[in-house]
Amino acid sequence: MTDVPLRPLRALPARRLFQPVISRIDRRIDKRLRAADREIDSLRKELRETREQMSAHHVRPHSYDMLYGREGRLNDRMPSKQMITELAARIAEVTGRRSAYTETVQAFRTLVELESRGVGRIAGSTSNILGKLTTTPLLGPPNGEILEIGTLYGLFAGGMARQLLRRGLAYRLTIVDPIAPVQLQPGVEISRDPSGTPITEEVVRANLAYAGVDPERLRLHRGFSEDPSVREALSDRRYGVIVVDGDHSEEGVARDLEWVEQIAATGAIVVLDDYGDGRWPGVQEAADAHLAGRTRLKMVGRVSTSAFLRAG
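Residues numbered from 1 in each chain as written. Predicted model: local features only at pLDDT ≥ 70, side-chain atom pairs only at ≥ 80, totals over all residues. Heavy atoms only, no water.

**Some details on a negative patch on the surface**
The condition that has to hold: Surface patches are defined over residues having more than 30% relative accessible area and no salt bridge, joining like charges when they lie within 9 Å and nonpolar side chains (Val, Leu, Ile, Met, Phe, Trp, Tyr) when within 5 Å. The Shrake-Rupley method, run with a 1.4 Å probe, gives the accessible areas here. Residue values count only the displayed protein chains as cover. By salt bridge we mean one thing: a side-chain nitrogen of Lys or Arg within 4 Å of a carboxyl oxygen of Asp or Glu. The convention is simple: Lys and Arg are positive, Asp and Glu are negative, and His and the chain ends are not counted. Just so you know, the charge point we use is NZ for Lys, CZ for Arg, CG for Asp and CD for Glu. To qualify as a helix, a DSSP run of H or I must reach at least 4 residues; to qualify as a strand, a run of E must reach at least 2; elements of each kind are numbered from the N terminus. Exposed residues in this analysis have more than 50% of their type's maximum accessible area, buried residues have under 20%, and partly exposed residues fall in between, with area computed by a 1.4 Å probe over protein chains only.
Taken together, the side chains of Glu250, Glu251, Glu285 and Asp288 present a region of like negative charge at the surface. Elements represented by at least two residues in the negative patch include exactly α8 (250-263) and α9 (281-291). Inspection of the secondary structure assignment puts Glu250 in helix α8. Residue classification places Glu250 among the partly exposed residues on the basis of a relative accessible area of 34%.

**A closer look at the nonpolar core**
The condition is simple: Nonpolar core, defined: a set of buried Ala, Val, Leu, Ile, Met, Phe, Trp, Tyr and Cys residues in which side-chain atoms within 4.5 Å join the residues together. Any pair of residues with heavy atoms lying within 4.5 Å of one another is described as a contacting pair.
Judged by nonpolar contacts, the single largest core of 43 residues is most densely connected at Ile122, Ile146, Phe156, Leu173, Ile175, Leu208 and Val213. At 6 residues, helix α5 (residues 155-166) tops the list of elements feeding residues into this core. For Phe156, the contacting residues outside a window of four places in its chain are Ile122, Ile129, Lys132, Leu133, Glu148 and Val243. In this structure, Val176, Val244, Leu257 and Ala286 belong to the second largest nonpolar core, which totals 27 residues.

**Focus on the packing of helix α3 (residues 101-117) against helix α4 (residues 126-138)**
So the rule is basically this: Axis definition: a line fitted to C-alpha atoms, over the contacting stretch in the case of helices. Angles run 0 to 180 degrees between N-to-C directions. Our angle categories are set so that under 35 degrees counts as roughly parallel, over 145 as roughly antiparallel, 65 to 115 as roughly perpendicular, and the remainder as oblique. Crossings are classed by handedness, with left-handed meaning an anticlockwise turn of the near helix from the far one by less than a right angle and right-handed meaning a clockwise turn.
Relative to each other, α3 and α4 sit at 120°, their axes nearing to 9 Å. The angle between α3 and α4 falls in the class oblique. Handedness of the α3/α4 crossing: right-handed. In this structure, α3 contributes Glu103, Thr104, Ala107, Phe108 and Leu111 to the contact, and α4 contributes Thr126, Ile129, Leu130, Leu133, Thr134 and Leu138.

**A closer look at helix α6 (residues 201-210)**
Because each turn of an α-helix spans 3.6 residues, side chains separated by three or four positions end up pointing in the same direction. Put simply, the test is: Working note: the arc is built from the helix axis to C-beta atom directions.
Residues of α6 that are buried: Val203, Val204, Asn207 and Leu208. Looking down the long axis of α6, one finds its buried residues gathered within 135° of arc, a one-sided arrangement. Residues of α6 that are buried make contact with α5, β2 (172-177) and β3 (218-222). Directly beyond the C-terminal end of α6, a positive phi value near 95° is found at Gly212.

**Remarks on the side chain of Asn207**
So the rule is basically this: For this analysis, a polar contact is any N or O atom pair within 3.5 Å, provided that within protein one partner can donate a hydrogen and the other can accept it, and provided that sequence-adjacent residues contribute only side-chain to side-chain pairs.
Inspection of the secondary structure assignment puts Asn207 in helix α6. A distance of 2.9 Å separates the side chain of Asn207 from the backbone oxygen of Tyr153, its partner in a polar contact. Setting aside residues no more than four positions away along its own chain, Asn207 makes contact with Gly118, Val119, Tyr153 and Leu155.

**Remarks on the packing of aromatic side chains**
Put simply, the rule reads: Pairing of aromatic rings covers Phe, Tyr and the six-membered ring of Trp, with a centre-to-centre limit of 6.5 Å; geometry is then stacked below 30 degrees between planes, edge-to-face above 60, and tilted otherwise. For a ring to carry a charge above it, either NZ of a lysine or CZ of an arginine must fall within 6 Å of the ring centroid while also lying within 35 degrees of the normal to the ring plane.
Enumeration over the complete set of coordinates arrives at 0 aromatic pairs. Sitting above the plane of the Phe156 ring, Lys132 keeps its charged end 4.4 Å from the centroid. Directly above the aromatic system of Tyr171 lies the positively charged group of Arg217, at a separation of 5.7 Å from the ring centroid.

**Re a nonpolar patch on the surface**
A grouping of Ile25, Ile29 and Leu33 is seen on the molecular surface, where their side chains present a nonpolar patch of about 260 Å² in accessible area. The exposure class of Ile25 is partly exposed, given its relative accessible area of 42%.

Here is the structure:
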């Protein structure tokens, strides 16, 4: 038997030999690279959004501060949720309601809207203004006759009229104020209001119109509440709501409370502004002394820096 010589095997190129393996590796690499590209694109998008949010974050506080901060007023209008919750709880306690949260929020919206539309400002802290706007109507005044002693720019009076309407009371608004170019208080010199707006009758009437006050339901009497002629002119009715916010001296508040005794309707709500405010000690001193004597008035409670009395 003849042996057949074996031919040597031809060596295959290495790339051809491993081509299937290389192809599989290439496909896996391409797949992972595409996934990495998508991830990078997603991260870039997220980074852009984050930068935009950070940029907006730097702008918003200043914008909010211009709208609700101390620009043009003495007190900011940016209450925390805790402050509103605690204030509403106090109002509910004084008025005997289970909750006053919704009414307090409505009053805040009224406050912001009034100062945004009007000129000048409403005097006082946010909590005190909301306390007055919310508590007064919830105490159930006997009628919608409002007397405000001291109005500044007229904005708060417009808010009180609106708040009574929310409780179904048709208001008639009487205001007595000297309407001096700047706010007047004994012992305090104010040369320019923080809002930059002078106090004039035209400004007060315009603000009341902005607040929605019907001019047919408005009496604006220029003068001081202690003036006998002013008292005679405005003592033609019995008021269901009286806001005492004029002369903050002890003597001035005492005189106003003496007049209140004569003109308050039975069951009327009397609001003593700045009661307990350390800047105006005369308010509480006069009120406490008056309530300690013979009087128709009885303390209902205090919310923020306002006291609420009811006339018997």
